[in-house]
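# Observations on chain architecture
Below, each chain spelled out in residue letters.
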Amino acid sequence: MMPRKRHVFLLWLFVCSSMTEAIEPISTTIAVGMAAALTGFLASYQNIFYYFHECCRPEWISLNKTGLRTDLEEKLFGQHIASRIILKAVNGFMNNESPKKPLVLSLHGWTGTGKNFVSKLIAENIYKEGLNSKFVHVFASTLHFPHQGQLATYKSQLQHWIKGNVSNCERSMFIFDEMDKMHPGLIDSIKPYLDYYDKLEGVSYRKSIFIFLSNAGGDSIIQTALDFWRAGRSRDEIELKDLETSLSLSVFNNQKSACGFFHTSLIDKNLVDFFVPFLPLEYQHVVQCTMSEMKHRDQKPDRDVADQVARDLVYFPKSERVFSVKGCKTIESKLDYYT
Ligand SMILES: *[C@@H]1O[C@H](CO)[C@@H](O)[C@H](O)[C@H]1NC(C)=O
Ligand SMILES: *[C@@H]1O[C@H](CO)[C@@H](O)[C@H](O)[C@H]1NC(C)=O
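Residues numbered from 1 in each chain as written. Chains lettered and ligands numbered in written order. Predicted model: local features only at pLDDT ≥ 70, side-chain atom pairs only at ≥ 80, totals over all residues. Heavy atoms only, no water.

The name given to the protein chain in an unreviewed UniProt entry is Torsin, with the source organism recorded as Menidia menidia. Regarding the protein chain, the relevant UniProt record gives this comment under Subcellular location (unreviewed entry): "Endoplasmic reticulum lumen". Taken directly from UniProt, the Sequence similarities (unreviewed entry) text for the protein chain runs: "Belongs to the ClpA/ClpB family. Torsin subfamily." (UniProt positions renumbered as here; feature names shortened; annotations may be inferred.)

## Points about the overall build of the protein chain
A tally of helices and strands in the protein chain yields 13 helices and seven strands. Here the protein chain, with 339 residues, has 47% of them falling under the buried criterion. Long-range pairs, those at least 24 residues apart, make up 75% of the contacts in the protein chain between residues at least 6 apart in sequence. Here the protein chain displays about 17,800 Å² of accessible surface, and carbon together with sulfur accounts for 53% of that area. (Helix = DSSP H or I, 4+ residues; strand = E, 2+ residues; numbered from the N terminus. Buried < 20%, exposed > 50% of the residue type's maximum accessible area, 1.4 Å probe, protein only. Contact = heavy atoms within 4.5 Å. Areas by Shrake-Rupley, 256 points an atom, 1.4 Å probe, with all protein chains shown as cover.)

## Focus: the pairing of strand β3 (residues 173-177)
A large share of β3 lies buried, amounting to four of its five residues. Relative to β3, strand β2 (residues 136-140) runs parallel, the two sharing five bridges. Bridging from a neighbouring strand, Val136 pairs with Met173 of β3. Two strands pair when backbone bridges link them, and β3 and strand β4 (residues 209-214) are joined in this way by four bridges, in the parallel orientation. The residue of β4 that forms the bridge with Ile175 is Ile211. (Pairing = 2+ DSSP bridges.)

## Brief notes about helix α3 (residues 65-75)
Along α3, the positions that sit buried rather than exposed are Gly67, Leu68, Asp71 and Leu72. Burial along α3 is one-sided: seen end-on, the buried residues are contained in an arc of 125°. Of the exposed residues in α3, those oriented more than 90 degrees away from the buried face are Glu73 and Glu74. Check the buried side of α3 and you find it contacts α4 (80-95) and α5 (115-126). Capping the start of α3 is the job of one residue whose side-chain oxygen sits 3.4 Å from the backbone nitrogen of Thr66: Asn64. (Arc of directions from axis to C-beta. Polar contact = N/O pair within 3.5 Å; in protein donor to acceptor, adjacent residues only side chain to side chain.)

## Let's talk about the state of the cysteines
Scanning the entire structure with this criterion turns up two disulfides. One disulfide bridge connects Cys56 with Cys169, the sulfur atoms lying 2.1 Å from each other. Disulfide Cys56-Cys169: the torsion about the S-S bond is 75°, which places it as right-handed. Separated by 113 residues along the polypeptide, Cys56 in the loop between α2 (28-52) and α3 and Cys169 in the loop between α7 (151-168) and β3 bring together distant segments of the chain. A disulfide bridge connects Cys289 with Cys328, and the sulfur atoms are separated by 1.9 Å. For the disulfide bridge between Cys289 and Cys328, the dihedral angle about the S-S bond is near 85°, and by the sign convention the bridge is right-handed. Of this pair, Cys289 sits in helix α11 (residues 283-296) while Cys328 sits in the loop between β7 (323-324) and α13 (331-338), and the two are 39 residues apart along the sequence. Exposure class is identical for Cys289 and Cys328. Each is buried. (Disulfide = S-S within 2.5 Å.)

## Description of the packing of aromatic side chains
The tally for this structure, following the rule as stated, stands at 10 aromatic pairs. Ring centres of Phe145 and Tyr154 lie 5.5 Å apart, and the angle between their planes is 70°; this geometry places the pair in the edge-to-face category. Centre to centre, the rings of Tyr283 and Tyr315 are 6.4 Å apart; their planes meet at 35°, and the pair counts as tilted. Placement of Tyr283 in helix α11 and of Tyr315 in strand β6 (residues 315-316) is noted, with a sequence separation of 32 residues between them. Here Tyr315 falls in the buried class, since its relative accessible area comes to 7%. Feature note: the residues Phe139, Phe145, Tyr154, Trp161, Phe176 and Phe212 constitute an aromatic cluster, connected by ring pairs. Positioned over the ring face of Tyr196 is Lys101, at 5.8 Å from the centre of the ring. (Phe/Tyr/Trp six-rings, centres within 6.5 Å; stacked < 30°, edge-to-face > 60°. Lys NZ or Arg CZ within 6 Å of the ring centre and 35° of its normal.)

## Focus: the packing of helix α12 (residues 303-311) against α13
The geometry of α12 relative to α13 is characterised by a closest axis approach of 10 Å and an angle of 120° between their N-to-C directions. Taken together, the axes of α12 and α13 are oblique relative to one another. α13 is crossed by α12, and the crossing has right-handed handedness. When α12 is examined against α13, the residues Val305, Gln308 and Val309 are found in contact with a partner set consisting of Ile331, Lys334, Leu335 and Tyr338. The residue inventory of the contact of α12 with α13, partitioned by class, reads five nonpolar, one polar and one charged. (Axes fitted to C-alpha atoms, helices over the stretch in contact; angles between N-to-C directions. Parallel < 35°, antiparallel > 145°, perpendicular 65-115°, else oblique. Left-handed = near helix turned anticlockwise from the far one by under 90°. Nonpolar A, V, L, I, M, F, W, Y, C, P; charged D, E, K, R; others polar.)

## A closer look at the packing of α7 against helix α8 (residues 184-194)
Axes are the key here: two packed helices are described by the angle between their axes and the distance separating the axes. At a minimum axis separation of 9 Å, α7 and α8 run at an interaxial angle of 25°. One way to sum up the angle between α7 and α8 is to call them roughly parallel. Considering how the two elements wind past one another, α7 and α8 form a crossing that is right-handed. Taken together, the residues of α8 that come into contact with α7 (itself represented by Leu151, Tyr154, Lys155, Leu158, Gln159 and Ile162) are Gly185, Leu186, Ser189, Ile190 and Tyr193. Each residue belonging to the contact of α7 with α8 can be placed in one class, and the counts come to seven nonpolar, three polar and one charged.

## Comments concerning the site of ligand 2
By nearness alone, every residue bordering ligand 2 is listed as His137, His160, Trp161, Gly164, Asn165 and Asn168. Separating an oxygen atom of ligand 2 from a side-chain N or O atom of His137 is a distance of 3.1 Å. Within the side chain of Asn165, one N or O atom sits 2.3 Å away from an oxygen atom of ligand 2. With the chains in place, 57% of the 370 Å² that ligand 2 exposes on its own is no longer accessible. It is α7 that contributes the most residues to the shell around ligand 2, five residues altogether. Residue classes in the shell around ligand 2 are distributed as one nonpolar, five polar and no charged. (Near = heavy atom within 4 Å.)

The structure is reproduced here in structure tokens:
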């Protein structure tokens, strides 16, 4: 068994390109000799190898275009605008062999509308390991950067992490949750990585993906959705341009409740490639979420139960009860209770 294991290990050195430095001490002649000797083993061990060690290679990182489209169509409810933008943005970026800058998506909307969920779908359709991939990094402001006083430490730490991780793998993904609670100084510190630079200190960030999640602009999105509803117009008629103006206005003006994001020049420097609005969810979407969750649990989707779950949620505005206050967020625990 021992020799086999060693072969697998050596193979690992050869296949993971980031490990090539590790074989440098060995003289080139020996290395070439070993490579030749190993060639015979390559074919047979390749599958085993790929199966066990996540590498920064297309076998582990590549977009499943069909997968992303299907997931957005079948698992995300009530978000026709977000769905369309995400698919187009991610497809375009991943198909581009030499992007000029990293892909920067800013997801906006109220709680429970699917921002985290969409990030997960993107990760799962690019990285075989999804959110568990060692190339996907999730930061939440209140968890990772809780103390204002330690801003300087957070800044250098975050810069180190981004640089270190992208040096390891240019196809890295960074998700920043609660972006509206993030200190402006901290946002400033990541700006260089989002910009149009060929390389920064020898590292290229142009194939990385940054996703920002925030509630900022959520109120103005709700207002637009409500205006459509009150005018008796279909929600599907809402277009990006109906939201864009009010979104960017509220993002600029609302400096008190959503500090951070707006004091910085992320927006005026055009570092964000796509603003992605998430609409507030209605009764019918809560029903869809519940049915989907039942399917996910291998239960037979039961419309009566779904209706019951949806009926017991809280809706706003008080008089009209159009939108679910928590979107689809509490469905999972509610379902435990009803079934
Ligand atoms: C891509 O996604 C589809 C739909 O989810 C799935 O059936 C297929 O196996 C995936 N392809 C790869 C290469 O993972
Ligand atoms: C990559 O990022 C993680 C945080 O997600 C950090 O703990 C790790 O040290 C970083 N790796 C490098 C090489 O900087």
